[in-house]
Amino acid sequence: MWDLENRQYLDFTAGIAVNSLGHSDPRISRLIAHQAEMLIHASNLYHNAWTPALSKLLISETQRQSPGSPLSQVFVSNSGSEANEAALKFARKVAYSKNPESDQREILSFHGSFHGRTLGSLSATPNQKYQAPFGPMLPGFKYGVFNDIESLPSLITEKTCGVIVEPIQGEGGVNVATSEFLKAVRDHCDRVGAMLIFDEIQCGLSRTGDLWAHTASGVHPDILTIAKALGNGIPIGATLGSGKSVAPHIKTGDHGTTFGGNPFACRVAHHVFERLAATEMQEAVVEKSKIFTDTYETLSRKYPGVFSELRGRGLILGFQLSDEAKGKAPEIITAARERGLLVITAGDGALRIVPPLVISAEEIKRGLEILDKAMAVVFNTPDHVHKTKGQQEMAGR
Ligand code: PLP
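Quick caveat, the model's predicted, so the values are computed rather than measured.

**Quick word on the domain arrangement of the protein chain**
Part 1: Along its sequence, the protein chain is carved into domain 1 (10-23 + 279-396) and domain 2 (39-276).
Part 2: On a C-alpha basis, the centres of domain 1 and domain 2 stand 30 Å from each other.
Part 3: Contacts between the two partners involve 28 residues from domain 1 and, on the opposite side, 26 residues from domain 2.
Part 4: Carbon and sulfur atoms make up 53% of the surface buried where domain 1 meets domain 2, a total of about 2300 Å² over both sides.
Part 5: Linking domain 1 with domain 2 are one salt bridge, by the criterion used here.
Part 6: Arg 352 is the salt-bridge partner of Glu 171, the closest N and O atoms lying 2.8 Å from each other.

Put into structure tokens, the structure is as follows:
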């Protein structure tokens, strides 16, 4: 990327896990121009070729790569928050459809999660920083401790209609749900007839090396929400629902959207998804991840006491700064940016690595060298002192 002053950057943020195919991809640019010349929007009152084409591809790849998945229907919207809003409404509608008198209205989500900024998705996001100014939140939302299996029986009750989980919490600090936790949540949802919603808006679409972050757990959700990388920057979100537990309870007109499903965004997403879902892309993600995890070890040794943990999978990684070092996170981010690397934080002092999936090994190495230099400056290592002296000498000459 280049900024307005023509300074060059390597991008480890990808617009917060959005530009998985990088910036200004020529095939996407051509396709955007081509579709814009034909039809951008006609409303979903009318059939267009691309909403069903995208929906079909999302479902067929999910069923191929997550064998046994019950997902068979798609609602297309314009953002992650909207995808989650639809998911929450569908969970409530399923319970209502079974019994309109039912008090099964509660939604359970988990601390450290981020589900969006609309009132429904925000009510499922137990973070005072985001919720407090906009209270009261919607009624019927409960919060549990992420990965705490013991607490599930008391949290998921006959009143629970939906449970929403990020298989890897992005904003919360790249916290990975254990397979045991996902299985236990699934079992408790089945016990009470609640819909299990996986929010893969940040961690999905091959970012972990699997199509979905939950694939490896073998647990299937009733509802899956996606957005971010789906349009590579063109706004689009989607809510995938089970043909067994969800679809029979949702009627046309229950939920709606003006822009959602427009042929422009759907055509882009169809192309993007096809490329992201490819095996070669996923294998490359796993290989590239190794460069990051190896370098984490090197940096940990070079800056003792600075890092406390490496979390995540594939190209969604968190380099957790120790309690002593995490106050310096903003300085590291700034020092890196000044040297040509974009990187962001997550949770409580984790450096979040979510680069485009198409980043090259050479670019990763260069970016990590910049990160190393930024850390040398911030933690004032002999490396930095030495360099500064060298630079001074050069300046004096
Ligand atoms: N869910 C998750 C896991 C996210 O990371 C985000 C955005 O960061 C959202 C939902 C909200 O998506 P959007 O900002 O597109 O509304």
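**Section: the sheet that holds strand β10 (residues 237-242)**
Part 1: In spatial order, the strands read β2-β10-β9-β8-β5-β3-β4; together these seven strands make up an open sheet with mixed pairing. Looking at the sheet topology across the chains shown, the edges are occupied by β2 (71-77) and β4 (141-144). Looking at each pair of strands side by side, their axes are set apart by 20° on average, direction ignored.
Part 2: In terms of strand pairing, strand β9 (residues 223-226) meets β10 through four bridges, oriented antiparallel. In the sheet register, Ile 223 faces β10, and the bridge partner there is Gly 241.
Part 3: Across the face of the sheet, helix α3 (residues 50-65) comes into contact with β2, β9 and β10 while running at roughly 140° to β2.
Part 4: Strands β2, β3 (106-110), β4, β5 (160-165), β8 (195-199), β9 and β10 of the sheet are contacted by helix α4 (residues 80-98), whose axis makes an angle of about 165° with β9.

**What to know about the pattern of salt bridges**
Part 1: If you walk through the whole model with that rule in mind, you get 16 salt bridges.
Part 2: The closest approach of N and O atoms between Arg 7 and Glu 5, which form a salt bridge, is 3.2 Å.
Part 3: For Glu 5, a relative accessible area of 56% translates into the label exposed.
Part 4: Residue Asp 25 is joined to Arg 275 by a salt bridge in which the shortest nitrogen-to-oxygen separation is 2.9 Å. Of this pair, Asp 25 sits in the loop between α1 (14-17) and α2 (26-38) while Arg 275 sits in helix α9 (residues 263-276); the two residues are 250 residues apart in sequence, bridging distant segments of the chain.
Part 5: When its relative accessible area of 11% is taken as the criterion, Asp 25 is described as buried.
Part 6: We classify Arg 275 as buried; its relative accessible area is 16%.
Part 7: Through salt bridges that share partners, Asp 3, Glu 5 and Arg 7 make up one connected network.

**Some points on the packing of aromatic side chains**
Part 1: What the rule picks out here adds up to ten aromatic pairs.
Part 2: Judged by centre distance (5.3 Å) and plane angle (50°), the ring pair of Tyr 296 and Phe 307 falls under tilted. Note that Tyr 296 is positioned in helix α10 (residues 279-302) and Phe 307 in strand β11 (residues 307-313), a separation of eleven residues in sequence. When sorted by exposure, Tyr 296 lands in the same class as Phe 307, which is buried.
Part 3: An aromatic cluster is present here, built from Phe 110, Phe 146 and Phe 181 joined pairwise through their rings.

**So, the site of the ligand**
Part 1: Around the ligand there are 13 residues in total, and Gly 80, Ser 81, Asp 199, Gln 202 and Lys 228 lie nearest to it.
Part 2: Backbone polar atom of Gly 80 to an oxygen atom of the ligand: 2.9 Å apart, as the coordinates give it.
Part 3: Isolated, the ligand exposes 390 Å² of accessible area, and the fraction of that covered by the protein chains is 83%.

**What to know about a nonpolar patch on the surface**
Part 1: Together, Leu 119, Phe 134 and Leu 138 give the surface a local cluster of nonpolar side chains, amounting to about 280 Å² of exposed area.
Part 2: Summarising the element assignment, Leu 138 is placed in the loop between α6 (128-131) and β4.
Part 3: For Leu 138, a relative accessible area of 33% translates into the label partly exposed.

**Section: the pairing of β10**
Part 1: Summarising burial for β10: six of the six residues are buried, a large majority.
Part 2: Residues Gly 237, Thr 239 and Gly 241 line one face of β10 and the alternating positions Ala 238, Leu 240 and Ser 242 line the opposite face, and both faces are buried.
Part 3: Taken together, the six bridges between β2 and β10 define a ladder with antiparallel strand orientation. The residue of β10 that forms the bridge with Gln 73 is Gly 241.

**Some details on the sheet that holds β11**
Part 1: Read across the open sheet, the four strands follow the order β11-β12-β15-β14; overall the sheet is antiparallel. Strand pairing shows two members of the sheet lacking a second neighbour, β11 and β14 (344-346), which therefore form its edges. Across the sheet, the axes of successive neighbouring strands diverge by a mean angle of 30°, strand direction being ignored.
Part 2: The sheet contact formed by strand β12 (residues 316-321) and strand β15 (residues 350-353) spans four bridges and is antiparallel. Considered in β15, the bridge of Phe 319 is made with Leu 351.
Part 3: Those strands touched by helix α11 (residues 329-338) are β12, β14 and β15, and its axis lies near 155° from that of β14.

Definitions and cut-offs
Here, residues in each chain are numbered from 1, in the same order as that chain's written sequence. It should be noted that, the model being predicted, local features are given only for residues of pLDDT at least 70 and side-chain atom pairs only at 80 or more, the latter also being counted only at that level, while totals for whole chains, interfaces and linings use all residues. As a convention, hydrogens and water are excluded, and side-chain values are obtained from all of the structure's heavy atoms. Domain delimitation follows an automatic or database domain assignment. Note on contacts: a residue pair is in contact if any heavy atoms of the two residues lie within 4.5 Å. Two parts placed together each lose some accessible area under a 1.4 Å probe, and the buried area is that loss summed for both. One side-chain nitrogen of Lys or Arg within 4 Å of one carboxyl oxygen of Asp or Glu is enough to make a salt bridge. In this description, strands pair whenever DSSP reports at least two bridges between them. A run of DSSP states H or I qualifies as a helix once it reaches four residues; a run of E qualifies as a strand once it reaches two. Both are numbered from the N-terminal end. Angles here are taken between N-to-C directions and fall from 0 to 180 degrees, while the axes themselves are lines fitted to C-alpha atoms, restricted in helices to the stretch in contact. Type-normalised accessible area, obtained with a 1.4 Å probe on protein chains alone, sets the label of each residue: buried when under 20%, exposed when over 50%, and partly exposed for intermediate values. Here is the rule: rings of Phe, Tyr and Trp (six-membered ring for Trp) pair when centre to centre is within 6.5 Å. Planes less than 30 degrees apart are stacked, more than 60 are edge-to-face, and the remainder are tilted. A single heavy atom is enough: if one lies within 4 Å of a molecule or strand, its residue is considered near that molecule or strand. Any N or O atom pair separated by 3.5 Å or less is treated as a polar contact, with the protein-specific requirement of one donor-capable and one acceptor-capable atom, and with residues adjacent in sequence counted only for side-chain atom pairs. Only the protein chains shown count as cover for residues, with accessible areas throughout obtained via the Shrake-Rupley method and a probe of 1.4 Å. Each patch groups residues whose relative accessible area exceeds 30% and which form no salt bridge, using 9 Å between like charges and 5 Å between nonpolar side chains of Val, Leu, Ile, Met, Phe, Trp and Tyr.

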